[in-house]
Amino acid sequence: MSVPNKIEPYQPGPNVVDITPNQDGGVQKEIIVEGTGRTPPKGCKAFVHYTGSLLDGTVFDSSRNRSSAFDFELGKGAVIKAWDLGVATMKKGEKSMFVCREDYAYGKSGSPPTIPPLATLVFEVELLYWEGKDVSPESDKSIMINVLEEGEEGYYTLNDGSSVDVKITGKFQDQVFESREVSFMMGEGAALGICEGLEIAISKMKKGQISEVEIKSKYAFGNGGKAEFNIPPNADITYEVHLKKCERSKESWDLDMDQKLAESKTFKEKGTHYFKIENYPVALRMYKRAVDHLEYSDDYSEEAKAKKAEITELLLQCRLNIGMVYLKMNKDIEAKEICTKVLEQHPTNEKALFRRGQAHMNMLDYDLAQKDFEEILKVEPNNKAAANQIKMCGLKIKEQLNKEKRLYKNMFEKFASIDKQKEEAEMQKLPDVLKSLGEWGQEEGEKRRGTFEEENPEVTLLNSAGEFKNM
């Protein structure tokens, strides 16, 4: 690590303040350059430049000698105590000096070989910027949480089925577009106008927490925008959220078999309700939650064995419903996959075959679709819907063949035309033999005859005698 050996020792000015909670003088701060905005919240990622030195001016480290700024999660103990306290008091663009006593730095042992034991340290710190916690599914910063006020201790995620009471205030370009208190079950927020990004953020919050949530358009109101709020397509928004109350839903491993069945049935009923009102994203979440309770159950009790048939039937119904929802949402690959999973356990299930056939048709795989519909007729020869789909597949396959024929015909004609053009171009490059012979060879013929006669004088004599005049 390359750093200067010495700098001018820091001399505190008249504006130095003690920033320790109990005012014990352990961390002294002096602002050199004022910043703007508000201070960074606990849990955010802070990006800083710094230079650290001993009281005599000996530099032991400096981020400015490296190619990038230093970043850390504020308030999580990732750095010395003085930094967690000091950076939390700064604003964007601020540059400050901190004098840090050993009990707020590296303590009695120091950090050999650069920092001796019981060392008081001096830091020049510049807060470049800070950003909230990324809670987006793809970790692409499309949903960022900035904690404004801490909630209860502990770490957990509010799962689908958890009940929440929240106060939300939404803003677009600093203009409030909605402010309300709302209670709902996690997973069902969309039914009450809660956008996906906001519900994901709430699931990561703790009871009593107040946060600012930055949401990119894909997790806000997307390509359609929100006309009633005057929000245009592809708009990024922010919410201030206060999670006033919450009660986490039990996970499947916390439930006995009767409870799992009861929960799954409840989620299935909710899924069917949302499907009927065409709220397909929420319906999908409800059906998936029902499956989650039963899919990987490791309960081998006699009670569970007795309910095996009921569990198997409920799983079948929910997976079939998931396939239907995927079709409604134009997610044909996912629909095909869930139906295939059903068919692995129930090879002759007509609904699974029919819905997979529909998915294949939507993906223009008419041959595979026809096979699925034909399998249905093997099970139920009088299934008119399958028979009609087979006819439709036949027409589509024929249409595809005709289209391919036309395509190939056009291709061959095009290639033939290109070959002809190439042939004509090559012909143009060849010399014109007739032209080179003069007018039917008269001029060139005379020249060649003269040469021939020179080489064959007996011919010249005969010609002069008229012997070969008519040749």
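Just above sits the structure.
Everything in this summary refers to the structure shown in the same document. (Residues numbered from 1 in each chain as written. Predicted model: local features only at pLDDT ≥ 70, side-chain atom pairs only at ≥ 80, totals over all residues. Heavy atoms only, no water.)

## Observations regarding the nonpolar core
Counting residues in each nonpolar core, the largest one holds 33 residues, and the members touching the most others are Ile237 and Tyr239. Mapped by element, the contributors of at least two residues to this core are β9 (143-149), β10 (163-172), β11 (175-185), α2 (196-203), β12 (210-215) and β13 (237-247). Setting aside its immediate chain neighbours within four residues, Ile237 contacts Lys171, Phe172, Phe177, Cys195, Val213, Glu214, Ile215, Ala220, Phe221 and Ile231. Formed by 27 residues, the second largest nonpolar core is a distinct cluster that contains Phe60, Val79, Ala105 and Leu127. (Core = buried A, V, L, I, M, F, W, Y, C linked by side-chain atoms within 4.5 Å. Buried < 20%, exposed > 50% of the residue type's maximum accessible area, 1.4 Å probe, protein only. Helix = DSSP H or I, 4+ residues; strand = E, 2+ residues; numbered from the N terminus. Contact = heavy atoms within 4.5 Å.)

## Structural notes on the sheet that holds β12
Taking strand neighbours across the sheet as the criterion, the 6 strands line up as β8-β9-β12-β13-β10-β11 in an open arrangement whose pairing is antiparallel. The outermost strands of the open sheet, each flanked by one partner alone, are β8 (133-134) and β11. For β8 and β9, the ladder comprises 2 bridges, and the chain directions are antiparallel. From the neighbouring strand, Lys133 faces β9, where its bridge partner is Ile145. (Pairing = 2+ DSSP bridges.)

## Some points on the pattern of salt bridges
Inspection of the entire model under this criterion finds 26 salt bridges. Residue Glu310 is joined to Lys265 by a salt bridge in which the shortest nitrogen-to-oxygen separation is 2.7 Å. With Glu310 in helix α6 (residues 308-328) and Lys265 in helix α3 (residues 257-276), the pair connects residues that are 45 residues apart, well separated along the chain. Between Arg319 and Glu295 there is a salt bridge; the shortest N-O distance is 2.9 Å. Placement of the pair is Arg319 in helix α6 and Glu295 in helix α4 (residues 280-295), with a sequence separation of 24 residues. (Salt bridge = Lys/Arg side-chain N within 4 Å of Asp/Glu carboxyl O.)

## Overview of α3
In this model α3 runs 29 Å from its N-terminal to its C-terminal C-alpha over 20 residues, within 8% of the 28 Å that 1.5 Å per residue would give. Within the sequence span of α3, burial applies to Met257, Lys260, Leu261, Ser264, Phe267, Lys268, Gly271 and Tyr274. Viewed along the axis of α3, the buried residues span an arc of 155 degrees, placing them on a single side of the element. Facing away from the buried surface of α3 by more than 90 degrees, the exposed residues are Glu269 and Lys276. Two or three places before Asp258, at the start of α3, stands the capping residue Asp256, its side-chain oxygen 3.2 Å from that residue's backbone nitrogen. Immediately beyond the C-terminal end of α3, within one or two residues, lies Glu278, with a positive phi of roughly 65 degrees. (Expected span 1.5 Å × (residues − 1). Arc of directions from axis to C-beta. Polar contact = N/O pair within 3.5 Å; in protein donor to acceptor, adjacent residues only side chain to side chain.)

## A closer look at the environment of Ala387
By the element assignment, Ala387 lies in helix α10 (residues 384-429). The partly exposed category is assigned to Ala387, whose relative accessible area is 26%. Between the C-alpha atom of Ala387 and that of Phe373, which follows or precedes it by 14 residues, the distance is 7.2 Å.

## Quick word on the side chain of Ser162
Mapped onto the elements, Ser162 comes out in the loop between β9 and β10. Only 2.7 Å separates the side chain of Ser162 from the side chain of Asn159, close enough to count as a polar contact. Discounting chain neighbours no more than four positions away, the residues touching Ser162 are Phe184, Met185, Met186, Glu247, Arg248 and Ser249.

## As for unusual backbone geometry
Leaving glycine aside, a negative phi is the common case for residues, and trans is the common case for peptide bonds. Between Pro112 and the following residue, Pro113, the backbone shows a cis peptide bond with an omega angle of 0 degrees. When you line up the elements, Pro113 lands in the loop between β6 (95-100) and β7 (121-131).

## Some points on α4
Taking 1.5 Å per residue, 16 residues should reach 22 Å; α4 reaches 22 Å between its end C-alpha atoms and fits that length. Of the residues making up α4, those classed as buried are Tyr280, Val282, Ala283, Leu284, Met286, Tyr287, Arg289, Ala290, Val291, His293 and Leu294. Those residues of α4 that are buried lie in contact with α3 and α6.

## Some words on the packing of aromatic side chains
Counting across every chain of the model gives 15 aromatic pairs. The interplanar angle of 80 degrees and the centroid separation of 5.8 Å between the aromatic rings of Phe70 and Trp83 together place this pair among those described as edge-to-face. Taken as a pair, Phe70 in strand β5 (residues 70-73) and Trp83 in helix α1 (residues 81-87) lie far apart in primary sequence, 13 residues in all. For Phe70, a relative accessible area of 29% gives the class partly exposed. Through pairs of rings, three or more aromatic residues link up here, namely Tyr50, Phe60, Phe70, Phe72, Trp83 and Phe123. (Phe/Tyr/Trp six-rings, centres within 6.5 Å; stacked < 30°, edge-to-face > 60°.)

## Some thoughts on the packing of α3 against α6
The description of two packed helices rests on the angle between their axes and on the distance between the axes. Their axes nearest at 11 Å, the elements α3 and α6 cross at an angle of 25 degrees. Comparing the axis directions of α3 and α6 gives the class roughly parallel. Remark: the crossing between α3 and α6 carries left-handed chirality. Each of Met257, Leu261, Ser264, Lys265, Lys268 and Phe275 in α3 lies in contact with α6, whose residues at this interface are Glu310, Ile311, Leu314, Gln317, Cys318, Asn321, Met324, Val325 and Lys328. Its residues assigned to classes, the contact of α3 with α6 shows 8 nonpolar, 3 polar and 4 charged. (Axes fitted to C-alpha atoms, helices over the stretch in contact; angles between N-to-C directions. Parallel < 35°, antiparallel > 145°, perpendicular 65-115°, else oblique. Left-handed = near helix turned anticlockwise from the far one by under 90°. Nonpolar A, V, L, I, M, F, W, Y, C, P; charged D, E, K, R; others polar.)

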